[in-house]
Amino acid sequence: MGSNVKGGNTNRPGLLQQCRSAHGPSFSGQYCQVFLRQGTVQYFVGICVPDSCGEEEVQILVLYDRLRFGQMSLVPPLPSILVNQSTQEMIMTHCLPQTIAPDASDVTCLFVCCVMVAVPLAASLFTAIIRWQRNREVNPTVESSPLSAGLNLYGALNTNNSSGSEVNSSTSEENDTTSSTRPCFPRSCVFGCLQAFSLQNTSQGVFSTSSSVPGGGYSSLNGIRVLSLLWIICGHSAQFPVINNLDNYKNWRKTVESSPVHVLTISGPVFLAVDTFLLLGGLLSARSLLGAINRAEDKLSPSLVANYLFRRVKRIQPLHLFIMCLTIGLISLVQWGPYWFPFIDTLMDCKTYWWANLLLISNLLPVHEICIPWTWYLSLDFQCYATTPLLVYFYRLNKGVFVVVAGGLLMMTTVASAVITALMHLPVFQPSTMTSENYVLYYYVKPYTRYGPFLIGILTGIYLTTKKEQLLKQKWKAALGWFCCLSLMALVVGLAYVLRETPHRPSLPHALYQGLHRPMWALAVSWIILACEEGYGGFIKRLLSLSFWVPLSNISFACYLIHPVFIIAYIGLQETPIHYSDINFMYLFLGHLMLTLVVSYMLTVLVEKPYLLLKSSSV
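Throughout what follows, the structure given in this document is the object of discussion. (Residues numbered from 1 in each chain as written. Predicted model: local features only at pLDDT ≥ 70, side-chain atom pairs only at ≥ 80, totals over all residues. Heavy atoms only, no water.)

Another point: the overall build of the protein chain. Assigned secondary structure in the protein chain consists of 22 helices and 5 strands. Just so you have it, the protein chain exposes about 28900 Å², and 65% of that area is on carbon and sulfur atoms. (Helix = DSSP H or I, 4+ residues; strand = E, 2+ residues; numbered from the N terminus. Areas by Shrake-Rupley, 256 points an atom, 1.4 Å probe, with all protein chains shown as cover.)

Rendered as C-alpha cells:
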C-alpha cells in the first residue's frame, strides 16, 4: 500500500521493472494486475508471477486467495478507515505482454502513416532535382537523357506559371476559389501533384506573420484561436493524469474546487475554449460561403454547396486519419506501464468503430466507443458546418424567415441542454463532470446541445460580411458593450462555482445554467471580435492581433490533434503515479506544449497542407 491512501492513492502498482528483472532457471517474472472494487472504490494491485502463468490462472490464484507471503495476503483489502465495505469484488486480471505483436490492422495503419510521410519527402526530392535542372546551364546540342527530358517537359508545362511554387500558404479551406479549372494532361497532373506535396511549397508561409485569415481582416481571430488552443492543451495536461494516475486526487480536487484561478486548467465550466472554436468555425464558414456565392455570380447552387463541403473534408480528414492510424500503430508498438488501460480501450474502439471517424459521425456513438476520443470535436464541427448553406439560403430568401429559423434553432439547442440536465441530474462544474458518465454520453459531445455557439458564429459572420456601416459609432456604446461582455464572462465562470454541487433531483438553476452558459460565452467572444473589427478593441485588439499569433494559428489544427498523443504516451509509460502540485503540472504543460509545437509544424507541412494545395487542375 502506498502513501496518502486517504488522499486518493488507492492503486498499488508495485514496480514493473523489478518484476521483469527476476529470472529463474526456466522462467522470468511477469507483471500482472488485479482490478478490484471495494464498496465505491475501484483500484488495482500489481503482482509478479512466473511468465508461464496465464491470466486465467492468475485470476484463479486470486479468487482462492493463494497469493500469500506467510499468513499475509498479497492482495489485501483496503482498511475499514477508508471504506466501509470490506468485501473485495474482482473486476478483471491483466498481464502486461513483454513482446510486441502487432496484428494486420496495426501493420496497415503503420503502412498508411509511412506512405503519407514518404510521398511528400519523395515529391520534395523530385522538386529539388527539377529546380537544379532549371538552374544549371544546358547545352542544347547535347541529347537529353530520359530523366532530363521529363524534367524539361515539366518546366515547359509550367512556363506560364513561374510562380507556381508560390502557392497560398494559408491552412484554411476558405482560400479555395470556385473558378473554372483547365484540363491537364496525365503527366502534367502528376507533376502538379508532386509540386503540391513538396516541402518547398508546403513549408512556405507557415511561419509567415501576415494574417492567416482568408481575405484579410479579422486579425483578432489569430490571437483568440491560439489562446483557446493553449487553454485546451493546459486542461488536457491536467485532465488526463487526474483520470488515470494521480496519487493525491482528493487533494487536487479540493484545491481546484476552491479557486477560480484553476479555471485555466480544469475547474469551473467545462472547456469553454471549445465553444470559442465553434464560434470561430461558424463565423468563418459563413464568410467563406458568402464569398464563394459572390464569386459564382450571386448563385447558391447545389454544386457550389457540394464543393464547399468537399473542401471542408479535404481540410480535416487527411490529418485526422493520419493521427488515427498513428495512434493505433503507436499503441501496438509500445510496451506500456501499469497505467495502460485507457490505451487498450482506445485501440479496441478504433478497430471496431473506425468507420465513424471516416464518416465524421463519431460523436453520435456512445462516448466509450469513440475511436481517438478527442476527435469527437471534428465530427461535431463538420455536422455544424453542413448547416451553414441552409441558413445562408434562408438569409438570402427572406430575412424574416431567417430570423425565425435561427431563433428556433437557438431555442431548441438551449432547451435540449436544459431538459437533459434536469432529467439526468447532470453536473455543470468540473471536476464533478469527470465522474458523471451521463454528462459526456448525453450532453457534452452531441450536436443538439452544442450547436448554439456555432450558430452565433454564423450570425456574426453574416453580419460582418454583409454590413454596410459600423454598428458602433459612439464611444459610450463601445464602453457599455465591453462592460456587458466582461461581466457576462465573469458571470458564466462564477456561477459554475456557485452550482458546484451535483444535483440529486431535477434542478432549475443547473438546467438554466447548462442551457445558457455556452451561448452566452459565445456571445461575449463575438462582441470582442466585433469591437476589434470596428476600432474599439484598444489594447485587447493590439494583444490579439500581434503577428506572433499568426504562425501558431497556422499549425493550430495539427496542435489540437497531436497534443493528446504526447500526454497519453507520457502517462502510459509511467511506472509510478504522478503527484499533483502546481509546479509539476505547469512543467507538464510546458513540456507537452513544446513537443506539440515542433511536431505540429512537421505534420502541417507533411500531411495537412499538401491536400489543401491540391487543385482540381492537378488531379
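Picking up after the structure, the text goes on.
Taken across its 10 residues, strand β1 (residues 29-38) has 9 buried, putting it largely inside the fold. By the bridge criterion, 10 bridges tie β1 to strand β2 (residues 41-50) in an arrangement that is antiparallel. In the sheet register, Q30 faces β2, and the bridge partner there is V49. Taken together, β1 and the strand that follows it, β2, pair antiparallel across an intervening segment of 2 residues, in which G39 is found at a positive phi of about 65°. Where β1 meets strand β5 (residues 89-95), 6 bridges bridge the pair, whose relative direction is antiparallel. Counted as the bridge partner of R37 is E89 from β5. (Buried < 20%, exposed > 50% of the residue type's maximum accessible area, 1.4 Å probe, protein only. Pairing = 2+ DSSP bridges.)

Over its 26 residues, helix α14 (residues 399-424) runs 37 Å from end to end, which matches the ideal 38 Å to within 8%, given 1.5 Å per residue. Where α14 is concerned, the buried positions are F402, A406, T413, T414, S417, A418, I420, T421 and A422. The N-cap residue of α14 is N398: its side-chain oxygen and the backbone nitrogen of G400 are 2.8 Å apart. One or two positions beyond α14, positive phi appears at H425, with a value near 55°. (Expected span 1.5 Å × (residues − 1). Polar contact = N/O pair within 3.5 Å; in protein donor to acceptor, adjacent residues only side chain to side chain.)

Scanning the entire structure with this criterion turns up 3 disulfides. In this model C19 forms its disulfide with C48; the gap between the sulfur atoms is 2.1 Å. Taking the sign of the S-S torsion, 90° for the link of C19 and C48, the bridge is right-handed. One end of the pair, C19, is in helix α1 (residues 16-20); the other, C48, is in strand β2, and 29 residues separate them in sequence. Given a relative accessible area of 5%, C19 falls into the buried group. (Disulfide = S-S within 2.5 Å.)

In total, this model carries 12 salt bridges according to the counting rule given. One salt bridge in this structure joins D298 and R396, with 2.9 Å as the shortest N-O distance. In this pair, D298 sits in the loop between α9 (272-295) and α10 (302-333) while R396 sits in helix α13 (residues 388-397), placing the two residues 98 residues apart along the sequence. In this structure, E534 engages K467 in a salt bridge whose closest nitrogen and oxygen atoms are separated by 2.9 Å. Of this pair, E534 sits in the loop between α18 (508-533) and α19 (538-544) while K467 sits in the loop between α16 (447-466) and α17 (475-498); the two residues are 67 residues apart in sequence, bridging distant segments of the chain. The exposure class of K467 is partly exposed, given its relative accessible area of 27%. (Salt bridge = Lys/Arg side-chain N within 4 Å of Asp/Glu carboxyl O.)

Okay, unusual backbone geometry next. Residue P431 is bonded to the preceding Q430 through a cis peptide linkage, with omega at 10°. Backbone geometry places F271, a non-glycine residue, at a positive phi of 45°. With respect to the element layout, F271 can be found in the loop between α8 (249-258) and α9. The class for F271 is buried, based on a relative accessible area of 7%.

Following the criterion strictly, the structure yields 22 aromatic pairs and no others. Ring-pair connections join several aromatic residues into one group, and the members of that group are F277, W376, Y377, Y439, Y443, Y444 and Y560. Lying over the aromatic face of Y444, R450 brings its terminal NZ or CZ to 4.6 Å of the ring centre. (Phe/Tyr/Trp six-rings, centres within 6.5 Å; stacked < 30°, edge-to-face > 60°. Lys NZ or Arg CZ within 6 Å of the ring centre and 35° of its normal.)

Right, let's get into the environment of C350. Relative to the helices and strands, C350 is located in helix α11 (residues 341-358). Separated by 26 residues in sequence, C350 and M324 have C-alpha atoms that sit 8.0 Å apart. For C350, the contacting residues outside a window of four places in its chain are I328, C371 and I372. (Contact = heavy atoms within 4.5 Å.)

Once that is clear, we can look at the nonpolar core. Among the nonpolar cores identified, the biggest contains 136 residues, and L319, I323, Y444, I528, I529 and F585 are the most heavily contacted of them. For this core, the element with the most residues is α9, which contributes 14 residues. If sequence neighbours within four positions are ignored, I529 has contacts with S220, L221, I224, L279, L280, L283 and L464. Of all hydrophobic cores here, the second largest spans 16 residues; its members include V34, Y43, L67 and V75. (Core = buried A, V, L, I, M, F, W, Y, C linked by side-chain atoms within 4.5 Å.)

The subject of this paragraph is the side chain of H517. Locating H517 in the fold gives a position in helix α18. What H517 contacts, discounting residues up to four positions off in sequence, is P269, L272, Y443 and V492.

Here we take up the packing of α9 against α10. Close contact between α9 and α10 brings their axes to 11 Å; oriented N to C, the two are set at 140°. Between α9 and α10, the interaxial angle falls into the category oblique. For the pair α9 and α10, the sense of crossing is right-handed. Here S285, S288, L289, A292 and I293 of α9 lie close against α10, whose contacting residues are L304, Y308 and R311. Here the residues of the contact of α9 with α10 sort into 5 nonpolar, 2 polar and 1 charged. (Axes fitted to C-alpha atoms, helices over the stretch in contact; angles between N-to-C directions. Parallel < 35°, antiparallel > 145°, perpendicular 65-115°, else oblique. Left-handed = near helix turned anticlockwise from the far one by under 90°. Nonpolar A, V, L, I, M, F, W, Y, C, P; charged D, E, K, R; others polar.)

All right, on to the sheet that holds β1 then. Read across the sheet, 3 strands follow the order β2-β1-β5 without closing on themselves; strand pairing throughout is antiparallel. The sheet terminates laterally at β2 and β5, the two strands that pair on one side only. On average, each strand axis in the sheet is inclined to that of its neighbour by 20°, with strand direction left out of account. Packed on one face of the sheet, helix α2 (residues 55-63) meets β1, β2 and β5 and runs near 145° to β5.

Together, M411, V415, V419, L423, M424 and Y442 make up a nonpolar patch on the protein surface, roughly 550 Å² of accessible area in all. In terms of residues, the nonpolar patch owes the most to one element, α14, which gives 5 residues. Among the structural elements, V415 can be located in helix α14. The class of V415 is partly exposed, set by a relative accessible area of 41%. (Patch = residues over 30% accessible without salt bridge, like charges linked within 9 Å, V, L, I, M, F, W, Y side chains within 5 Å.)

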